[in-house]
Amino acid sequence: MKIATWNINGIKARLETATTWLKSASPDVACLQEIKSMDEAFPTSAFEDLGYNVAVHGQKGFNGVALLSKLPFDDVTRGLPGDPDDVQARYIEAVISVASGVVRVVNIYLPNGNPTASEKFTYKLSWMARLKERVKQLLTYEEPFIVAGDFNVIPAPNDVYDPQSWLDDALFRPETRAQFQAYLNLGLTDAFRACHDEPHQFTFWDYQAGAWQKNHGLRIDHLLLSPQAADKLVACEIDANPRSWEKPSDHVPIVVELSL
DNA sequence: ATGTCGATACTTTATCGA
């Protein structure tokens, strides 16, 4: 089973790009972030035509996440628990039945958090703490699950082209990295790092300043596996090709294969 | 080189977020 995550930066601007990639890569599940669309405006039928079931948690203008799955959803939950006042659409979770039982897919668009002197950074850190609580809850089920998405976290210095210049950025601040490390300490596995130890394997290149051409990238999109999912890990690969296409997203897809 | 995108609204250009 192949599970992909991709921040597509606007589904209206990226529908053809997304469907082209899905036809070629054919993941069983795709986690999309930054759809920047309300539920009713999401092009559900375009994905149904490719054989996907579709679940959306949308928002006008910003944020928004969507799940695509070739297998039907047993259950879908929208919104990260822990703060009833949080109205930002950044979390959707689904349970999917597979031959070996079930797999739970958690699709997140973790807050960016910049600038670090603003309430945006405290919102990011509190959101990360809430996600930790949700992960702890899910771990008690002792089932395979995956937390996939745009984490807006650079886990380590070799995940950014120039760590020195990112030291005070919300994506690389010690508080941010410590919370990401806390997910690993709970028992989650960074699927990409379990398969690859090469430095400078990026999933994002800014539109500005020729970042793609200079390979000034970041590794901020991640797939974290529960112990039961990590036991089934086969492979994990970044597909950087779509970054060179016409009208690209600033992120590229990353795919994990599990023997579920 | 504060350099690029996508979406929005008191829209045809400025703003916000990333």
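Residues numbered from 1 in each chain as written. Chains lettered and ligands numbered in written order. Predicted model: local features only at pLDDT ≥ 70, side-chain atom pairs only at ≥ 80, totals over all residues. Heavy atoms only, no water.

### A word on the state of the cysteines
Part 1 of the reasoning: The full count for this structure, using the stated rule, is 0 disulfides.
Part 2 of the reasoning: Cysteine 236 provides the cysteine sulfur closest to cysteine 195, a residue in no disulfide bond, and the two sulfurs are 5.5 Å apart.
Part 3 of the reasoning: Judged by its relative accessible area of 0%, cysteine 236 falls in the buried class. (Disulfide = S-S within 2.5 Å. Buried < 20%, exposed > 50% of the residue type's maximum accessible area, 1.4 Å probe, protein only.)

### What about the sheet that holds strand β8 (residues 145-150)?
Part 1 of the reasoning: With mixed pairing, the 6 strands of this open sheet are ordered in space as β5-β6-β7-β8-β12-β9. Strands with a single pairing partner mark the edges of an open sheet, and in this sheet they are β5 (73-78) and β9 (189-190).
Part 2 of the reasoning: In this structure, β5 lies alongside strand β6 (residues 91-98), joined through 5 bridges in antiparallel fashion. Residue pairing across strands places phenylalanine 73 opposite isoleucine 96, the latter belonging to β6.
Part 3 of the reasoning: Across the sheet, helix α4 (residues 174-186) lies against β9 and β12 (221-225), angled at about 25° from β12, the strand it touches most. (Pairing = 2+ DSSP bridges. Helix = DSSP H or I, 4+ residues; strand = E, 2+ residues; numbered from the N terminus. Contact = heavy atoms within 4.5 Å. Axes fitted to C-alpha atoms, helices over the stretch in contact; angles between N-to-C directions.)

### Some details on unusual backbone geometry
Part 1 of the reasoning: Cis geometry marks the peptide bond from asparagine 114 to proline 115; its omega dihedral reads -5°.
Part 2 of the reasoning: Along the chain, proline 115 falls in the loop between β7 (101-109) and α3 (119-139).
Part 3 of the reasoning: With phi around 55°, glutamate 34 is a residue other than glycine that occupies positive phi space.
Part 4 of the reasoning: When you line up the elements, glutamate 34 lands in the loop between β2 (29-33) and α2 (44-48).
Part 5 of the reasoning: Overall, the relative accessible area of 13% leaves glutamate 34 in the buried class.
Part 6 of the reasoning: Although it is not a glycine, lysine 36 sits at a positive phi angle of roughly 50°.
Part 7 of the reasoning: Structurally, lysine 36 is set in the loop between β2 and α2.

### Thoughts on the protein's contact with DNA strand B
Part 1 of the reasoning: Within the structure, DNA strand B sits among 18 residues, and Arg14, Gly61, Tyr207, Gln208 and Ala209 are positioned closest to it.
Part 2 of the reasoning: Here DNA strand B approaches the protein such that, of its atoms within 4 Å, sugar and phosphate make up 72%.
Part 3 of the reasoning: Contact distances for DNA strand B include 2.9 Å between a phosphate oxygen and a side-chain N or O atom of arginine 14.
Part 4 of the reasoning: Examining the composition of the surface near DNA strand B, we find that 3 residues originate from one element, helix α1 (residues 11-25), more than from any other.
Part 5 of the reasoning: Each residue belonging to the surface near DNA strand B can be placed in one class, and the counts come to 5 nonpolar, 5 polar and 8 charged. (Near = heavy atom within 4 Å. Polar contact = N/O pair within 3.5 Å; in protein donor to acceptor, adjacent residues only side chain to side chain. Nonpolar A, V, L, I, M, F, W, Y, C, P; charged D, E, K, R; others polar.)

### Examining the pattern of salt bridges
Part 1 of the reasoning: According to the stated counting rule, one finds 10 salt bridges in the structure shown.
Part 2 of the reasoning: Among the ionic pairs, arginine 104 bridges to glutamate 143, the shortest N-O distance being 3.9 Å. Of this pair, arginine 104 sits in strand β7 while glutamate 143 sits in the loop between α3 and β8; the two residues are 39 residues apart in sequence, bridging distant segments of the chain.
Part 3 of the reasoning: In this structure arginine 104 comes out as buried when scored by relative accessible area, which is 12%.
Part 4 of the reasoning: For glutamate 143, a relative accessible area of 26% translates into the label partly exposed.
Part 5 of the reasoning: For the salt bridge of aspartate 159 with arginine 219, the shortest nitrogen-to-oxygen distance reads 2.8 Å. Note that aspartate 159 is positioned in the loop between β8 and α4 and arginine 219 in the loop between β11 (217-218) and β12, a separation of 60 residues in sequence. (Salt bridge = Lys/Arg side-chain N within 4 Å of Asp/Glu carboxyl O.)

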